[in-house]
Amino acid sequence: MANFDVFNGDADGILSLVQLRRAEPLDSTLVTGRKRDIKLLDRVEAKAGDKVTVLDISMRSNAEHLARILDAGASVFYVDHHNAGDIPNHPNLNAVIDTSPEICTAMLIDEALDGDYRAWAVTAAFGDNFADLARAKAEGLDLPLEQLERLGMLVNYNGYGGSVDDLLFHPAELYKALSQFDTPMEFLASDQDVFSALDAGYETDLANAKNAKVLDETDEGCVITLADKAGSRRISGVFGNQLAVDNPHRAHAILTAQDGGYLVSIRAPKVKSLGADTLALQFETGGGRSAAAGINHLPECDLDKFVKAFRAAF
Ligand SMILES: [Mn+2]
């Protein structure tokens, strides 16, 4: 019997698994990738009796391979907050899906574990851009919120790139480093190397992103392009989040040049949090949530079409 832990390579996915495996240690094959690598179940060859845990990736995007794995006789524990499509009614599937806009996967795990690893869940919520949720769940606990917010943001930043090679740490390696500890405070006190590498990488990438080219700017939205560099691809998502926080009434799109096209990160206006997914889904490789979505590859020839669709959406 084999175990597979399948998780999104962002802060929410990694820190969901950290909580779960601190609570229930398990020898498992880790299946993960970049934040945008959401079709992870196609990499899982599970047999009858195997256990597959799936965290923070859309069930809709994995429907075909979820069915294959269930049909093979494996059991699946599936926890997520993205658009799920139709949830199969299968005796081997235990699905905890909540798509309400103010929840993340790590908080669903936190609820299942009665808050035993709350500091990791709070860190994840900060990293997944749910600062209000993080603060609400931290209330009454004596947590170093500023440090947890920084760590969550940095773990999230690490998940962005054009390929896994762009990332400062492979998400499975980052998971292994973080999962040695019951709390992020213990991690920060013990493993300065990992934190320092993330922190320095982030500051360098952000300084370079400040030279971004503005493609389209109105009161409602702003479209920005970044040069074809690993650092641009790493910073684009977090840079988009920061622009969204600084301009809460505006929608944002960050287009990073790559492979004769663009990797696109879309943020709906903070005050509305709607429309990012419907815009992304108009393009072949688009997907995401209503507040934050992306397109894996926007061909150069679709650039005008995208700017028009962006203006129409917001
Ligand atoms: Mn998430």
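Residues numbered from 1 in each chain as written. Predicted model: local features only at pLDDT ≥ 70, side-chain atom pairs only at ≥ 80, totals over all residues.

1. Focus on the overall build of the protein chain
The criterion, for reference: A run of H or I in DSSP becomes a helix once it reaches four residues, and a run of E becomes a strand once it reaches two; helices and strands are each numbered from the N terminus. As a reference, a globule follows 2.2 Å times the number of residues to the power 0.38, and the radius of gyration itself is taken over C-alpha atoms. The burial label depends on the number of other C-beta atoms within 10 Å of a residue's C-beta. Counts of 20 or more mean buried, 12 or fewer mean exposed, and intermediate counts mean partly exposed, with C-beta atoms placed from the backbone.
From N to C terminus, the protein chain includes 12 helices and 11 strands. A globule of 314 residues ought to have a C-alpha radius of gyration of about 20 Å, and the protein chain, at 19 Å, matches this closely. With the principal axes as the frame, the protein chain shows a C-alpha extent of 55 × 45 × 35 Å. Split into buried and exposed, the 314 residues of the protein chain put 48% on the buried side.

2. Re the sheet that holds strand E2 (residues 29–31)
Heads up, the rule is: Pairing between two strands requires that DSSP report at least two bridges joining them. The convention used is that axes are lines fitted to C-alpha atoms, helices contributing only their stretch in contact, and that angles between N-to-C directions extend from 0 to 180 degrees.
Across the sheet, five strands lie side by side as E2-E1-E3-E4-E5; this open sheet has parallel pairing. The open sheet has two edge strands, E2 and strand E5 (93–97), and neither has a second partner. Mean inter-strand twist for the sheet, computed between neighbouring axes without regard to direction, equals 10°. As paired strands, strand E4 (residues 75–80) and E5 are joined by five bridges and run parallel to one another. Within E5, the position partnered with Phe77 by the bridge is Asn94.

3. With respect to the pairing of strand E7 (residues 221–226)
Formally: By the criterion used throughout, a crossover qualifies as right-handed when its path from the first strand across the helix to the second strand runs clockwise, the strands pointing away from the viewer.
In terms of residue burial, E7 counts as a mostly covered element, since six of its six residues are buried. Neither face of E7 is left uncovered, since the one carrying Gly221, Val223 and Thr225 and the one carrying Cys222, Ile224 and Leu226 both have all their residues buried. Pairing of strand E6 (residues 213–217) with E7, which is carried by four bridges, proceeds in the antiparallel orientation. Looking at E7, one finds that Val214 is bridged to Ile224. Connecting E6 to the antiparallel partner E7 that follows it, the hairpin turn spans three residues. When E7 meets strand E8 (residues 251–258), the two strands line up parallel, connected through six bridges. Within the sheet, the bridge partner assigned to Leu226 lies in E8 and is Thr256. Viewed along the sheet, the connection from E7 through helix H10 (residues 230–246) into E8 turns out right-handed.

4. Thoughts on the nonpolar core
One broad trend across soluble globular proteins is that nonpolar side chains are buried collectively. What counts here: Each nonpolar core reported here comprises buried Ala, Val, Leu, Ile, Met, Phe, Trp, Tyr and Cys residues connected via C-beta atoms within 7 Å. These domain boundaries are the output of an automatic or database domain assignment. What counts as a contact here is a pair of residues whose C-beta atoms, placed from the backbone, lie within 7 Å.
Val6, Ile14, Leu15, Val52, Ala121, Val122 and Ala125 are the most contacted members of the largest nonpolar core, which has 88 residues in total. Of all the elements, helix H4 (residues 118–127) adds the most residues to this core, at seven residues. The residue makeup of this core includes at least three contributed by each of domain 1 (3–199) and domain 2 (211–313). Setting aside residues no more than four positions away along its own chain, Ala125 makes contact with Cys104, Ala106, Met107, Phe130, Leu133, Ala134 and Lys137.

Bear in mind that shape data such as this cannot, by itself, settle questions of function.
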